[in-house]
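Here is how the chains run, residue by residue.
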Amino acid sequence: MSSQRLSPSVRRVAIVGGARIPFARSDGPYATASNQQMLTAALDGLVERYGLQEPGAVGEFVAGAVLKHARDFNLARETVLGSGLHPSTPAYDIQQACGTGLQAVIAAANKIALGQTESAVAGGADTASDAPLGVNDSLRRILLEARRAKSPGARLKALAKLRPGHLVPDIPRNAEPRTGLSMGEHAAVTARAWGIAREAQDELAATSHRRLAAAYERGFFQDLVVPFRGLARDQNLRPGSTVEKLASLKPVFGLGHPDPTMTAGNSTPLTDGAATVLLSSEEWARERGLEPLAYLTAYETAAVDFVGGDVAGGEDGLLMAPAYAVPRMLERAGLGLDDFDLVEIHEAFASQVLATLAAWEKRGLGTVDRARLNVAGSSLATGHPFAATGARIVATLAKLLAERDAPARGLISVCAAGGQGVTAVLERA
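Summarised in this report is the structure supplied together with it. Since the model is a prediction, treat every value here as computed from it, not as a measurement.

1. Here we look at the overall build of the chain
So, step 1. The secondary structure content of the chain amounts to 13 helices and 12 strands.
So, step 2. Here the C-alpha atoms of the chain give a radius of gyration of 22 Å, agreeing with the 22 Å that 2.2 N^0.38 yields for 429 residues.
So, step 3. Based on the C-alpha atoms only, the size of the chain along its principal axes is roughly 80 × 60 × 40 Å.
So, step 4. Residues classed as buried in the chain amount to 55% of the 429 residues present.
So, step 5. A separation threshold of at least 6 residues defines the contact pool for the chain, and within that pool the share at least 24 residues apart is 80%.
So, step 6. For the chain, the exposed surface amounts to about 18,100 Å²; the carbon and sulfur share of it is 53%.
So, step 7. Charged side chains in the chain number 44 positive and 45 negative. The centres of these two groups are separated by 7 Å.

2. Comments concerning helix α3 (residues 100-113)
So, step 1. End to end, α3 covers 20 Å across 14 residues, agreeing with the expected 20 Å (1.5 Å per residue, within 8%).
So, step 2. Among the 14 residues that make up α3, 12 are buried, leaving the element largely enclosed by the rest of the structure.
So, step 3. Inspection of α3 places Thr 100, Gly 101, Leu 102, Gln 103, Ala 104, Val 105, Ile 106, Ala 107, Ala 108, Ala 109, Ile 112 and Ala 113 among the buried residues, and these make up the whole buried set.
So, step 4. Following α3 by one or two positions, Gly 115 adopts a phi angle in the positive range, close to 80 degrees.

3. A word on the packing of helix α4 (residues 137-148) against helix α5 (residues 152-159)
So, step 1. For the pair α4 and α5, the least separation of the axes is 8 Å and the interaxial angle reads 175 degrees. For the element pair α4 / α5, the angle class is roughly antiparallel. Residues Ile 142, Leu 143, Glu 145 and Ala 146 of α4 form the contact with α5, whose participating residues are Arg 155, Ala 158 and Leu 159.
So, step 2. Tallied by class, the residues present in the contact of α4 with α5 amount to 5 nonpolar, no polar and 2 charged.

4. Regarding the pairing of strand β3 (residues 61-64)
So, step 1. Residues Phe 61 and Ala 63 line one face of β3 and the alternating positions Val 62 and Gly 64 line the opposite face, and both faces are buried.
So, step 2. The pairing of β3 with strand β4 (residues 91-93) spans 3 bridges and is parallel. Following the sheet pairing, Phe 61 is matched in β4 by Ala 91.
So, step 3. Between β3 and its parallel partner β4, the chain crosses via helix α2 (residues 75-81), and the hand of that crossover is right-handed.

5. Details of the side chain of Arg 428
So, step 1. The residue Arg 428 is located in strand β12 (residues 420-428) in this model.
So, step 2. The exposure class assigned to Arg 428 is buried, which follows from its relative accessible area of 19%.
So, step 3. In terms of polar contacts, Arg 428 uses its side chain to reach the backbone carbonyl oxygen of Pro 292, at 2.6 Å.
So, step 4. At 3.2 Å, the side chain of Arg 428 and the backbone oxygen of Leu 293 are in polar contact.
So, step 5. In this view, Arg 428 contacts Glu 291, Pro 292, Leu 293, Leu 401, Ala 402, Pro 407 and Ala 408; residues no more than four positions away in its chain are not counted.

6. Concerning the pattern of salt bridges
So, step 1. Applying the stated criterion to the full structure yields 21 salt bridges.
So, step 2. The salt bridge involving Arg 11 is made with Glu 118; its shortest N-O contact spans 2.9 Å. In this pair, Arg 11 sits in the segment before β1 (13-20) while Glu 118 sits in the loop between α3 and β5 (119-126), placing the two residues 107 residues apart along the sequence.
So, step 3. Judged by relative accessible area, Glu 118 falls into the partly exposed class, the value being 33%.
So, step 4. Across the salt bridge formed by Lys 111 and Glu 60, the nearest N and O atoms sit 3.0 Å from each other. Here Lys 111 is found in helix α3, whereas its partner Glu 60 is found in the loop between α1 (35-50) and β3, with 51 residues between them in sequence.
So, step 5. One salt-bridge network, held together by shared partners, links Asp 137, Arg 140 and Arg 141.

Thresholds applied
Residues numbered from 1 in each chain as written. Predicted model: local features only at pLDDT ≥ 70, side-chain atom pairs only at ≥ 80, totals over all residues. Heavy atoms only, no water. Helix = DSSP H or I, 4+ residues; strand = E, 2+ residues; numbered from the N terminus. Rg over C-alpha atoms; globule rule 2.2 N^0.38 Å. Buried < 20%, exposed > 50% of the residue type's maximum accessible area, 1.4 Å probe, protein only. Contact = heavy atoms within 4.5 Å. Areas by Shrake-Rupley, 256 points an atom, 1.4 Å probe, with all protein chains shown as cover. Lys, Arg positive; Asp, Glu negative; His and termini not counted. Charge placed at Lys NZ, Arg CZ, Asp CG, Glu CD. Expected span 1.5 Å × (residues − 1). Axes fitted to C-alpha atoms, helices over the stretch in contact; angles between N-to-C directions. Parallel < 35°, antiparallel > 145°, perpendicular 65-115°, else oblique. Nonpolar A, V, L, I, M, F, W, Y, C, P; charged D, E, K, R; others polar. Pairing = 2+ DSSP bridges. Right-handed = clockwise from strand over helix to strand, strands pointing away. Polar contact = N/O pair within 3.5 Å; in protein donor to acceptor, adjacent residues only side chain to side chain. Salt bridge = Lys/Arg side-chain N within 4 Å of Asp/Glu carboxyl O.

Spatial relationships are all this shows, so hold off on functional conclusions.
Dropping the structure here:
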């Protein structure tokens, strides 16, 4: 048993680098890959790139997944044991829906900032292809009754209750337990409330694909993406996407209302993938001759009452928590939107990005220059393996900031299921 005293001062937390596997559409190249296999591949890419094999090289590994099997018990630790990291590296799981990857980064950063560790890796993985199927609840209750039986006769009596219908599994649904609505249907409500036009959504989606393609072409992802199972770039990327092509797609959400605007093209597809980020103290990086890409300097979480709040008015839509988190974070940091050179908003849906921008403007933060928004593409183009997205965005933004000669600052905004949001600030000194 050991104890560790807190550092007398808070230290800066460096983002050293990142590694992820290409993201794949569900039921595609990674259909038979588990969360652990994908996360291990991403982690091994980071270990190899930064020489993290020796004992004590990394103080801790924190990661998670949203869609987890029973076999994913202790996912982060089992990933360490199957990776190039030394087996003595501690690890633990974390989960906050789509905010998991960024929340993992924050958890690791807090320990570094307080002097409890010198380095850490954070990340996440998710597979929509290999989603867990739950046992029919009636079947589960019968089997538990049989297990508790005190005699063979009582056990047979319990098992005699079995019927063919009990063999039908509980299929996972992309729906909020409190409302029964899918995330897309919730987003459609918000899109109507904020008056988000179809053409604006398609333009944002086409821009995301165009910018991601340009980033790949210039080699930006060469040291961030590790090939896996035959993929070398994100499978969802459509370089030829245009507003005209996207306009031909039929709406898929909000169909019970006039003029629905949300399609498969301006919504993020179900995706498989994993991503990791290496964080450290400045001293740790300096001792190893590593130049930090950027520093994590602020973060904030928020949640909205998407069940009983002002949902119809758009203020408390399921994915609107960043509209509350960012103003609080910026006020605390003494910053405004104009102080940011780059802005990264997770593109769960194009309508959600546009509603968030509108909400920030309504709250007096001003407007975001679209030339500074998601400049290397985002989730509409890359795809969105739920727990991996935050780590992908952190590594991408840190490198984008590092490419600039002058000091620069970037904002991260991630919405999440359950009416939650996770936001952060990265700076390049």
